[in-house]
Structure formats: C-alpha cells, structure tokens
Amino acid sequence: MNNQIRDAVVARCSSSYVRRKLLEEGHDLTLARALDVPSLCERIEEQLSLTTGGGAASANTECVNRVGPKHNQAKFKRLQNTQKSKSELHQCYRCGNTDHFGKDPKCPARSQKCHKCNGNDHFSKVCRTKKNRKQTVNNVEEQTDYAFLVTDNSMQNRLKVCLGGVNLKMLIDSGATCNIVDENTWGKLKNEHIKCHSYLSADRKLYAYSPNQPLTVNGAFKCETKIGNSSEYAEFIVIKGHGEPLLGKDTAAKLGVLRIGTDIAVIADLKQSVLAQYPDVFRGVVKLKDKQVSLYINPDVQPVAQPLRRIPFNLRGPVERKIKELLDTDIIEEVNGPTPWVSPVVVVPKANSEIRLCLDMRQANRAIVRERYPIPTVDEILQGMNGSMVFSKLDLKRGYHQLELTPASRQITTFAVHNGVYRYKRLIFGVSSASEQYQHEIASALAGIEGVENISDDIVVHAADQKTHDQRLYAVLKRLRECGLTLNPAKSDLCKADQPHYAVAIAVGIVLLILIVIVILAYICRRRSDGYESL
C-alpha cells in the first residue's frame with residue numbers, strides 16, 4: 001500500500017521540479033522520503049523568496065534589475081508580464097482566489113450569479129465575457145419588443161396592480177409586447193421593498209410607436225403580478241427616463257383584464273348583468289337549503305381512533321388559521337367529549353402559500369356504505385351537447401362543503417390536530433360515498449332545466465344560439481339562488497363559442513378508433529379459429 005501511495009504522489013505531483021527530484025531517488029525512494037522531498041523544496045523556495053525577493057524567478061531576473069539601457073527595461077517589463085501570467089494560472093477561474101482550484105466544491109462562487117453576464121458559478125471579476133458584445137449564435141436575431149401608448153390623462157382607466165407585494169397604478173397597452181416601468185417608478189418600487197428578481201437585459205431592443213431608435217433599457221426584473229384574484233409571474237423592463245407604467249398585451253390577457261375579439265362586448269354585458277341580478281350567488285360559501293345528507297354507517301364495523309400525526313412547526317401557524325377559517329364559515333365544529341372515530345390530518349401546501357387540510361379516511365371508509373348513484377361519463381355529456389354552439393361553465397365554490405351532514409353522520413368525520421379535536425358539519429372530499437351523493441344532490445337541484453349538464457361541482461350550460469343560452473343561464477342562476485348554492489367567479493367562464501373543426505376532429509378520431517378495434521377483434525377471432533382447426 002505504501003508503494004502505491006508513493007507512486008500516486010510521484011505521478012500526480014503538480015510541480016515538474018519536485019517530480020524530477022523524486023525520480024532522481026531511483027529505487028531508494030520510499031513513502032516517507034516522497035513526503036520529505038516536497039517539504040524540503042518548499043522550504044528552499046521560501047528561503048530564496050526571503051533573500052532574493054522572488055525565489056527562483058527573482059534569481060533568473062537578477063541581471064535585469066539594474067538600471068540600464070531601454071532595451072533592458074523593456075525586457076524586464078516583458079518578464080514581469082510573463083511572471084504575472086504564470087501566477088494567474090494558479091488562480092481559481094470561478095472566484096479568483098489562489099488557495100484552491102475551480103473544481104473545488106467549497107469554492108465560494110458556486111451557485112452564485114455573475115452580475116456582468118448573468119451566468120452561474122463565477123464572479124464578475126473573473127468573468128471572461130465581454131460586456132456589450134453582440135452575440136449572434138446560429139443566426140439568432142436579438143429580441144425586439146414594442147411599446148405603443150396613446151396618451152390618456154384620466155386616472156380612472158388605470159388599474160391597481162400588485163407587483164411583488166407593492167401596489168402600482170398601470171395602464172393597459174394592447175399594442176405592447178412587454179411590460180414597462182420607468183427608472184423613477186423602479187426606484188419607488190425598490191424603496192417599498194418589492195419582492196422580485198432583477199437582472200440586466202442584454203441584446204434587447206425596445207421601440208416606441210414612431211421613432212427608429214430604440215429606447216434605452218436599464219435592465220429588467222421578474223415578480224408576481226396580481227390583479228384581484230388572478231396572479232401571473234411576469235417580466236418588466238426598466239427604461240431610462242420618465243414614462244407611464246404599461247401592462248403589456250400578453251400579461252393583461254393572462255390576468256383576465258384584456259380580451260381581444262368580436263364577442264367581448266356581448267360577454268362584458270352578460271357578466272355585468274349576471275353580477276348585478278345575482279350578486280348573492282357569487283358570494284361566500286353557504287349550504288343547500290332544507291337538505292341534509294346522511295352517511296350510512298355499518299354498525300358491525302368497530303370504530304377506530306387513530307393516533308395524532310404531528311404537524312411540523314412551520315405549518316402549525318397556517319393550520320391554525322385554516323381551522324379558524326373553517327370555524328367561522330360553519331364548516332367544522334369543535335368536539336368536546338369522547339369520540340369513537342378519530343382520523344389523522346394530512347397537510348398539503350398550495351402554490352399560493354396556503355394549505356389544504358385532507359383527512360385520511362381509509363379506516364373510516366370501511367364502515368361507510370356507499371350509494372350506487374350513477375355518475376355520467378364525458379361521452380354521455382358530450383352526446384347531450386350535440387348541436388350546441390355557445391357554452392358557459394359554472395364552478396360551485398367548495399363544492400362538497402355546500403352539503404350539510406346530519407348530526408348522526410358527523411361523528412365519523414372527527415379529526416385531531418395539535419390544538420384540538422374537530423369534526424366536519426359538511427360533506428368532505430375523501431369520503432367513499434361523497435362523489436355519488438354530491439352528484440345526486442346537484443343533479444336533483446338542477447332537474448327540469450334544459451341544456452344543463454354537470455359532473456360533480458362543474459356545471460355546463462349549453463345552447464345552439466346566444467339567446468337560448470342566456471335564457472338557460474338565467475334559469476340556472478335563479479335555481480341556484482333558490483337552493484342556496486354559490487359559485488366561484490374566478491373559475492367560471494361565460495359564453496365560450498364552439499369551434500366546429502374541433503367537433504369534426506373528435507368525430508373522425510372516434511370513427512378511426514372504432515375501426516381499429518374492429519380490425520383487432522377480427523384478427524384475434526381468426527387466429528383462434530385457425531387454432532381450433534389445427535387441434
């Protein structure tokens with residue numbers, strides 16, 4: 001083993017001078033001697049540097065340190081540059097330090113972003129990219145954006161937009177391909193501590209309506225953009241000078257505040273009329289009037305009280321807020337006293353920093369007797385929509401929570417968290433019979449209205465023309481108000497026109513699928529008949 005380590009030291013030594021000294025030892029070289037020789041060379045190098053001011057390099061340049069002719073001075077400068085370039089070879093190409101190499105996993109530049117080229121894993125002081133250099137890789141054109149602004153002095157047309165937690169009045173520009181703020185606005189956003197990721201926008205040109213010269217771009221940043229309940233992670237370009245903050249076409253369309261099309265006026269009027277006549281249908285979470293659903297419990301199944309699952313400390317605050325919200329909306333109630341059923345809770349984080357409480361009902365579902373109410377398939381619903389051209393989708397807000405449970409059925413929904421024991425007063429997701437019961441109750445509530453289909457909490461209103469569609473839509477909203485059901489406006493879409501070629505494509509696809517199945521079945525039957533004949 002010592003000989004193998006000795007050979008590895010000699011083979012991988014980074015100094016050719018030390019390797020030569022080791023090889024001069026010949027067969028007498030041992031591992032201890034292989035470690036002593038480099039130490040001796042280092043001490044000699046240190047002594048030389050102290051006595052001559054530069055070690056071996058200074059010894060070689062001793063003859064040119066005297067004041068002499070100009071050609072000797074030029075030679076000395078060239079030699080100095082050569083020494084400097086040799087010292088740079090021992091620098092880390094990521095951070096510039098000399099105590100390690102670039103492949104060292106402990107290099108401080110790893111996972112850092114360069115402020116010069118926006119690259120990763122190196123600092124700007126050792127960046128090899130030329131700053132303002134125009135890159136043309138594979139003939140890719142540099143990115144070009146446009147910003148068109150029609151002067152509008154009315155502040156009523158400005159929208160209140162939340163950029164990274166900071167509110168800002170912006171104007172929608174349907175001719176802009178990007179979002180724009182000026183440098184003064186960017187300074188105000190920074191002073192109010194906007195939450196964003198800023199960077200330099202290189203090789204990007206931004207043009208106004210008429211000038212041929214592009215605007216001066218200082219940089220760009222990305223942040224979460226909110227308007228009402230809609231949010232989008234969008235990019236904003238910072239320009240030099242003073243200008244109006246503009247919200248571009250793409251971002252405005254994604255946030256639902258801009259729509260370009262011929263039916264926009266019809267849809268806007270319909271939405272305004274619906275919200276004006278039925279405001280209570282789009283507000284809060286209520287329950288189905290004069291109706292309670294029962295969970296049929298098998299008395300032969302032994303109740304199970306499962307142990308508490310400990311919730312991480314970083315999720316306990318959100319869990320407490322969620323419990324308070326469910327108590328305030330009369331969805332759950334506190335349990336005081338013994339209970340035979342206890343189910344654990346699973347906390348699922350959501351994308352918007354909120355959580356969802358889910359009950360593990362696997363043990364409880366063994367005691368629940370399911371109702372066998374048929375749930376329609378997508379093919380059956382599409383068959384009922386045949387011939388319709390105008391559609392509206394309505395989403396029931398927190399669907400299952402709008403059905404109240406009977407007092408006798410609530411005990412099996414008991415759950416425990418770190419701050420108490422609670423049980424649901426409404427139907428919950430996870431109960432084995434919830435889907436059949438919910439489908440049955442919603443279908444019964446909408447019975448008698450033509451042109452209405454539903455799967456679970458999604459309701460589709462369809463008709464062949466706009467007038468018939470509006471009549472059916474108002475009939476559905478009136479029925480929902482009478483039953484006490486509410487809708488989620490953020491997930492509801494009104495007046496979606498059908499695209500005829502989609503229906504043709506679906507029909508052709510179904511026919512081809514049927515033909516393929518027939519061919520496969522005929523082939524299987526023929527092979528089987530051939531097998532019987534051979535037997």
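In this text, all values refer to a predicted model and were calculated from it rather than measured experimentally.

Engineer: Quick one: what's the story with the nonpolar core, residue by residue and with numbers?
Structural biologist: For soluble globular proteins, nonpolar side chains are generally found buried alongside one another. Counting 56 residues, the largest nonpolar core has Leu 394, Phe 415, Leu 477 and Leu 480 as its most contacted members. Not counting chain neighbours up to four residues away, the residues in contact with Leu 480 comprise Val 281, Leu 396, Leu 446, Ile 459, Leu 485 and Leu 487. Within the second largest apolar cluster, 19 residues are counted, among which are Leu 168, Ile 194, Ala 234 and Leu 255.

Engineer: Explain the pattern of salt bridges to me, using residue names and the numbers behind them.
Structural biologist: Across all of its chains, the model carries 14 salt bridges by this definition. Between Glu 333 and Arg 423 there is a salt bridge; the shortest N-O distance is 2.7 Å. Of this pair, Glu 333 sits in strand S12 (residues 332-334) while Arg 423 sits in strand S19 (residues 420-424), placing them 90 residues apart in sequence. Judged by relative accessible area, Glu 333 falls into the buried class, the value being 19%. Classification of Arg 423 as partly exposed rests on a relative accessible area of 24%. The salt bridge involving Arg 410 is made with Glu 404; its shortest N-O contact spans 3.2 Å.

Engineer: An account of the side chain of Ser 433 is requested, with residue identities and associated values reported.
Structural biologist: Here Ser 433 is to be found in the loop between S19 and helix H11 (434-445). Polar contacts involving the side chain of Ser 433 include one to the side chain of Gln 437, which spans 3.1 Å. Contacts of Ser 433, omitting those with residues within four sequence positions, involve Leu 295, Ile 368, Val 369, Arg 370 and Glu 371.

Engineer: Give a description of unusual backbone geometry that names residues and reports values.
Structural biologist: We note that Asp 121 has phi near 65°; this positive angle belongs to a residue other than glycine. Here Asp 121 shows up in the loop between helix H5 (70-88) and strand S1 (143-146). With relative accessibility at 28%, the residue Asp 121 sits in the partly exposed group.

Engineer: Outline the environment of Arg 362, supporting the account with residue identities and numerical values.
Structural biologist: Here Arg 362 is to be found in the loop between strand S14 (355-359) and strand S15 (368-369). A sequence separation of 69 residues divides Arg 362 from Val 431, and the C-alpha atoms of the two residues are 8.6 Å apart. A polar atom in the side chain of Arg 362 sits 2.8 Å from the side chain of Asp 360.

Engineer: I'd like a description of a nonpolar patch on the surface, backed by residues and values.
Structural biologist: Taken together, Leu 513, Ile 516, Val 517, Ile 520, Leu 521, Tyr 523 and Ile 524 make up a surface patch of nonpolar side chains, about 670 Å² in accessible area. Within the fold, Leu 513 resides in helix H13 (residues 500-534). Among the residues examined, Leu 513 registers a relative accessible area of 53% and is labelled exposed.

Engineer: Please provide a residue-by-residue account of the sheet that holds S19, values included.
Structural biologist: Strand order in this open sheet of three strands is S12-S19-S18, and the pairing throughout is antiparallel. Two strands in the sheet have a free side with no partner beyond their single neighbour: S12 and strand S18 (415-417). Strand-to-strand twist across the sheet, computed as the mean angle between neighbouring axes with direction ignored, equals 35°. Along the sheet, helix H9 (residues 313-328) contacts S12, S18 and S19; its crossing angle with S12, the most-contacted strand, is approximately 105°.

Engineer: Describe the pairing of S14, and please don't skip the residues or the numbers.
Structural biologist: Across the two faces of S14 the burial differs, with Ile 355, Leu 357 and Leu 359 buried and Arg 356 and Cys 358 not buried at all. Of the strand pairs in this sheet, strand S13 (residues 345-349) and S14 are connected by five bridges, and their pairing is antiparallel. When the sheet's bridge partners are listed, Val 347 is paired in S14 with Leu 357. Connecting S13 to the next strand, S14, in antiparallel fashion are five residues, including Ser 353 with a positive phi near 60°.

Engineer: Quick rundown of H11? Include the residues and the values.
Structural biologist: Here H11 is twelve residues long and its end C-alpha atoms lie 16 Å apart, about the 16 Å a rise of 1.5 Å per residue gives. Restricting attention to buried positions, one finds in H11 the residues Ala 434, Glu 436, Gln 437, Tyr 438, Gln 439, Glu 441, Ile 442 and Ala 445.

Cut-offs applied
- Residues numbered from 1 in each chain as written.
- Predicted model: local features only at pLDDT ≥ 70, side-chain atom pairs only at ≥ 80, totals over all residues.
- Heavy atoms only, no water.
- Core = buried A, V, L, I, M, F, W, Y, C linked by side-chain atoms within 4.5 Å.
- Buried < 20%, exposed > 50% of the residue type's maximum accessible area, 1.4 Å probe, protein only.
- Contact = heavy atoms within 4.5 Å.
- Salt bridge = Lys/Arg side-chain N within 4 Å of Asp/Glu carboxyl O.
- Helix = DSSP H or I, 4+ residues; strand = E, 2+ residues; numbered from the N terminus.
- Polar contact = N/O pair within 3.5 Å; in protein donor to acceptor, adjacent residues only side chain to side chain.
- Patch = residues over 30% accessible without salt bridge, like charges linked within 9 Å, V, L, I, M, F, W, Y side chains within 5 Å.
- Areas by Shrake-Rupley, 256 points an atom, 1.4 Å probe, with all protein chains shown as cover.
- Pairing = 2+ DSSP bridges.
- Axes fitted to C-alpha atoms, helices over the stretch in contact; angles between N-to-C directions.
- Expected span 1.5 Å × (residues − 1).

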